Amino acid sequence: MDVVEKREKIKKSRLFWKTLKSQKMLYAMSLPFVVWVFVFNYLPVWGWTMAFQNYIPGNPFWQQEWIGFHHFIQLFQDERFFLALRNTLAMSFLGLLFGFTIPIVFAILLNEVRHSLFKRITQTVTYLPHFVSWVVVAGIVTKVLSTDGGIINDLLVGLGVLDQPYQFMAEGKWFWAIVTISDIWKEMGWNAIIFLAAIAGLDPQLYEAAKVDGASRFRQIWHITLPGIRPTILVVLILNIGHLIQIGFEKQMLLSNSLVIEYAEVLELYALNYGIGLGQFSYGTAIGIFNSVVSIFLLLLANGIFRRYSNQSVM
Amino acid sequence: MANPSDLYQTTVREKIFDVLNYLFLSIVIVITLYPFLNVLAISLNDSTDTVRGGIYIWPREFTLNNYLEIMKYDNLVTGFVNSVLRTVIGTVLGVFIQAMVAFTLSRTDFQGRRFVSTVIVLTMYFSGGLIPGYMLIRDLGLINSFWVYILPGLVSAFNIIIIRSFMDGLPFSLQESAKMDGANDFVIFYRIILPLCKPVLATIALFVAVGQWNSWFDTYLYNSMNESLTTLQYELMKILDNTSMGGSQDANSMRPNDEQQMNRVSPQSIKMAITMVTVIPIIMVYPFVQRYFIQGMTLGAVKQ
């Protein structure tokens, strides 16, 4: 028995080395990049240890002082942290609510357009902002809302809604709305693509049958289009929930200024300002870990709910 | 069948719906395009005239001076060159490497496939975060270096998956016959597979190129101390930022605060001209490549 097993093993390992030799080119073409992602994607996770240390840059790892959860305790005592958490959740929730539903409505409306040239033009135009950087978008938003010559103020004053131009960018209470609307302006068309593709994939016979039965266009949308793209809607929803807390910080950073910082600082910005701005690497890392943990929790939760209702899983 | 009066009503309602729909979508088009046209008009308008206000989508006193003016700023020229360089180098290298890794993963006979695939795909689901990432780049000595623009994002799991799914659709017999002729795996990849993958590679190349062209945060975080490594987006960010709120400086300690010749008093026209310079390459390329973008978007969505 033992001998047979041993022989099998030797055979197998011989085969392994033989294949390895014949596939050395394939290994040469992929292994360097495994090392690559190990360095750039896996090694930083090791940096999480910093959150549990009183990390001093330049000292070797074994000379760092371990202080357990001290930074996390400090975090939960910082008022600014709760503001950042509030801002993150508020803006991600608004983003989810509108950034997710509006592209669906847009895709359905676009699908109802029979004039194919008009449809193509609308698509081409609305996809464009997606390819423009947030730096440019922030500049555009600032310009549009500015008090001298911004179109919004010109319109509002011209229509008599306002007596004089209003400083939208200087009011904290407007910041969440500005971020959400800019995001919709930038991504609405692009995010509609996936729903348009789903609608295009629906069986035309369903619509024919509905027409024969005398169903109006609204009924067709309600009873055929919407149920038809339900799976797509659900998958996109789950993915969005998974990214709920990772809303990024680019738009907040570019659109904010000192006057609205109380409403603009999101968790990642908070981590950036503390961690790199003030050189408190350990504290910044702790914020980042908190962010990731909440994000993973939300993804698992959303996936669990999804599985319960549709017997499918996105992960 | 519905009775005639019902049918009449629905057609009227549908007509109204159609009109409203076209109207609504036209408004969407206007809202999307207006800011770009406004920026373009101001950038082409005489800068002292612009101060009088009232420039919307057409320049009142046409001039190219604003564009000539911004060419005098060294940082902008350097930034432009660096942005072009990072876009070209990042795209060529990135697409080649991603295609190569995708090729090894599309080979079902490759015995390391499982391992390589797992290690790379997992990177889509976690990230070390901002600070540890920064520390790594610092420890690797990539701060104040052009390569920080290229190296970290070179092996993108998402792109590799998209390319691989395209390669999976190619018949394996092509490779077999080449193997008979004694070609090694790299030659098969380079000579046979790569040319067949042109559509998907075009898509990926465009995604990578737009990402490279639009990045500013890496310049801000890693190379803001070194003017010779600046990028166009970062220069634009600095100019817009320092003047966006009537010149008020940001309390945020991270914001750059260097005393460049144009930061304080830069007129709107200059800002708008620079904005146009960063947007024009995208607008010019975009209509021709839209097809590929959409293809990639739907491909990616299916794979998710």
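Predicted, not measured: the structure shown is a model, and the values here were computed from it.

Conventions used here
- Residues numbered from 1 in each chain as written.
- Chains lettered and ligands numbered in written order.
- Predicted model: local features only at pLDDT ≥ 70, side-chain atom pairs only at ≥ 80, totals over all residues.
- Heavy atoms only, no water.
- Helix = DSSP H or I, 4+ residues; strand = E, 2+ residues; numbered from the N terminus.
- Rg over C-alpha atoms; globule rule 2.2 N^0.38 Å.
- Buried < 20%, exposed > 50% of the residue type's maximum accessible area, 1.4 Å probe, protein only.
- Domains from an automatic or database assignment.
- Contact = heavy atoms within 4.5 Å.
- Buried area = accessible area lost by both parts, 1.4 Å probe.
- Axes fitted to C-alpha atoms, helices over the stretch in contact; angles between N-to-C directions.
- Parallel < 35°, antiparallel > 145°, perpendicular 65-115°, else oblique.
- Left-handed = near helix turned anticlockwise from the far one by under 90°.
- Salt bridge = Lys/Arg side-chain N within 4 Å of Asp/Glu carboxyl O.
- Polar contact = N/O pair within 3.5 Å; in protein donor to acceptor, adjacent residues only side chain to side chain.
- Phe/Tyr/Trp six-rings, centres within 6.5 Å; stacked < 30°, edge-to-face > 60°.
- Lys NZ or Arg CZ within 6 Å of the ring centre and 35° of its normal.
- pLDDT = per-residue confidence, 0-100.
- Nonpolar A, V, L, I, M, F, W, Y, C, P; charged D, E, K, R; others polar.

### Some thoughts on the overall build of chain A
- Within chain A, the secondary structure is distributed over 15 helices and two strands.
- Its C-alpha atoms give chain A a radius of gyration of 27 Å, more than 25% over the compact-globule value 20 Å for 315 residues.
- When the backbone C-alpha atoms are referred to their principal axes, chain A occupies close to 90 × 60 × 40 Å.
- Put simply, chain A has 315 residues, and 47% of those count as buried.

### Side note on the domain arrangement of chain A
Residues and elements named next belong to chain A.
- Entries for chain A in the domain assignment read domain 1 (2–66) and domain 2 (79–144 + 173–310).
- For domain 1 and domain 2, the distance between their C-alpha centres works out to 37 Å.
- On the domain 2 side, the residues contacting the nine residues of domain 1 number six residues.
- Interface area, domain 1 with domain 2, both sides summed: about 580 Å², of which 78% is carbon and sulfur.

### Digging into the environment of Gly-275 of chain A
- Turning to its location among the elements, Gly-275 of chain A is positioned in helix α14 (residues 267–277).
- Gly-275 of chain A gets classed as buried once you look at its relative accessible area, which sits at 0%.
- For the pair Gly-275 of chain A and Lys-119 of chain A, spaced 156 residues apart in sequence, the C-alpha separation works out to 48 Å.
- If near-sequence neighbours (up to four positions away) are discounted, Gly-275 of chain A is found in contact with Gln-280, Phe-281 and Gly-284 of chain A together with Ile-131 of chain B.

### Comments concerning the packing of helix α4 (residues 74–106) of chain B against helix α5 (residues 113–122) of chain B
All names here are of chain B.
- Packing of α4 against α5 leaves a shortest axis separation of 9 Å and a crossing angle of 135°. The pairing of α4 with α5 is recorded here as oblique in orientation. Two packed elements cross with a definite hand, and for α4 against α5 that hand is left-handed. Residues Val-101, Thr-104, Leu-105 and Ser-106 of α4 lie in contact with α5, whose contacting residues are Arg-113, Val-116, Ser-117 and Ile-120.

### Some thoughts on unusual backbone geometry
Residue and element names in this part refer to chain B.
- Phi angles above zero are rare outside glycine, and Asn-144 is one such case at about 60°.
- Within the secondary structure, Asn-144 sits in the loop between α6 (130–139) and α7 (157–167).
- A relative accessible area of 37% means that Asn-144 is categorised as partly exposed.

### Here we look at the domain arrangement of chain B
All names here are of chain B.
- Partitioning chain B into domains gives domain 1 (4–63) and domain 2 (67–303).
- Taken together, the contact between domain 1 and domain 2 spans nine residues of the former and eight residues of the latter.
- Where domain 1 abuts domain 2, roughly 720 Å² becomes buried across the two surfaces, and 77% of that area is made up of carbon and sulfur atoms.
- Per-residue buried area on domain 1 facing domain 2 is highest for Val-39, Ile-42 and Ser-43; these three make up 55% of the total on that side.
- Seen at the junction of domain 1 and domain 2, the total is zero salt bridges.
- Across the domain 1-domain 2 interface, the total number found is one residue pair in polar contact (both at pLDDT 80 or more).
- Broken down by secondary-structure element, the contributors of at least two residues to the side of domain 1 that touches domain 2 are α1 (4–43) and α2 (47–50).
- Here the side of domain 1 that touches domain 2 gets five residues from one element, more than from any other, and that element is α1.

### So, the packing of aromatic side chains
- Counted by the stated rule, this structure contains 42 aromatic pairs over all chains.
- With centroids separated by 5.2 Å and ring planes inclined at 85°, the aromatic side chains of Phe-16 of chain A and Trp-17 of chain A adopt a geometry described as edge-to-face.
- Judged by relative accessible area, which is 37%, Phe-16 of chain A ranks as partly exposed.
- Under the relative-accessibility criterion, Trp-17 of chain A is labelled exposed at 55%.
- Ring centres of Phe-76 of chain A and Phe-81 of chain A lie 5.5 Å apart, and the angle between their planes is 80°; on these two criteria the pair is classed as edge-to-face.
- Through successive ring pairs, a cluster of aromatic residues spans Phe-76, Phe-81, Phe-82, Tyr-270, Tyr-274, Tyr-283 and Phe-290 of chain A.
- Stacked on the ring of Phe-281 of chain A, the Lys or Arg Arg-138 of chain B has its end atom at 5.8 Å from the ring centre.

### Comments concerning the confidence of the model for chain A
- On average, residues of chain A score 87 in pLDDT, and 96% of them are at 70 or above.
- Within chain A, the lowest mean pLDDT, 81, falls on helix α11 (residues 230–242) of chain A, and the highest, 93, falls on helix α2 (residues 24–46) of chain A.

### Some thoughts on the side chain of Thr-232 of chain A
All names here are of chain A.
- Structurally, Thr-232 can be placed in helix α11.
- For Thr-232, a relative accessible area of 19% gives the class buried.
- For Thr-232, the residues in contact, after removing those within four places along its chain, are Ile-194, Phe-195 and Ala-198.

### Here we look at the interface of chain B and chain A
- The interface of chain B with chain A comprises 97 residues on the first partner and 92 residues on the second.
- Roughly 8400 Å² is buried in total at the junction of chain B and chain A, and carbon and sulfur atoms are behind 75% of that figure.
- Where chain B touches chain A, the interface holds one salt bridge.
- The salt bridge partner of Asp-18 of chain B is Arg-217 of chain A, with a shortest N-O separation of 2.8 Å.
- Run the count over chain B and chain A and you get 16 residue pairs in polar contact (both at pLDDT 80 or more).
- No other element matches the 21 residues that α1 of chain B contributes to the side of chain B that touches chain A.

### Some thoughts on the pattern of salt bridges
- All told, the structure shown has 15 salt bridges over all chains when counted by the stated rule.
- Linking Asp-183 of chain A and Lys-251 of chain A is a salt bridge whose minimum nitrogen-to-oxygen distance equals 3.8 Å. Placement of the pair is Asp-183 of chain A in helix α8 (residues 172–200) and Lys-251 of chain A in helix α12 (residues 250–255), with a sequence separation of 68 residues.
- For Asp-183 of chain A, a relative accessible area of 22% gives the class partly exposed.
- Taken together, the shared-partner salt bridges in this structure form one network comprising Glu-112, Arg-114 and Arg-217 of chain A together with Asp-18 of chain B.

### Quick look at the packing of helix α4 (residues 79–111) of chain A against helix α5 (residues 116–127) of chain A
All names here are of chain A.
- In contact at an axis separation of 10 Å, α4 and α5 are set at 155° when each is read in the N-to-C sense. It follows from the interaxial angle that α4 and α5 lie roughly antiparallel. Our pair here, α4 against α5, has a crossing hand that is left-handed. Residues Phe-106, Leu-110 and Asn-111 of α4 lie in contact with α5, whose contacting residues are Lys-119, Thr-122, Gln-123 and Thr-126.
- Here the residues of the contact of α4 with α5 sort into two nonpolar, four polar and one charged.

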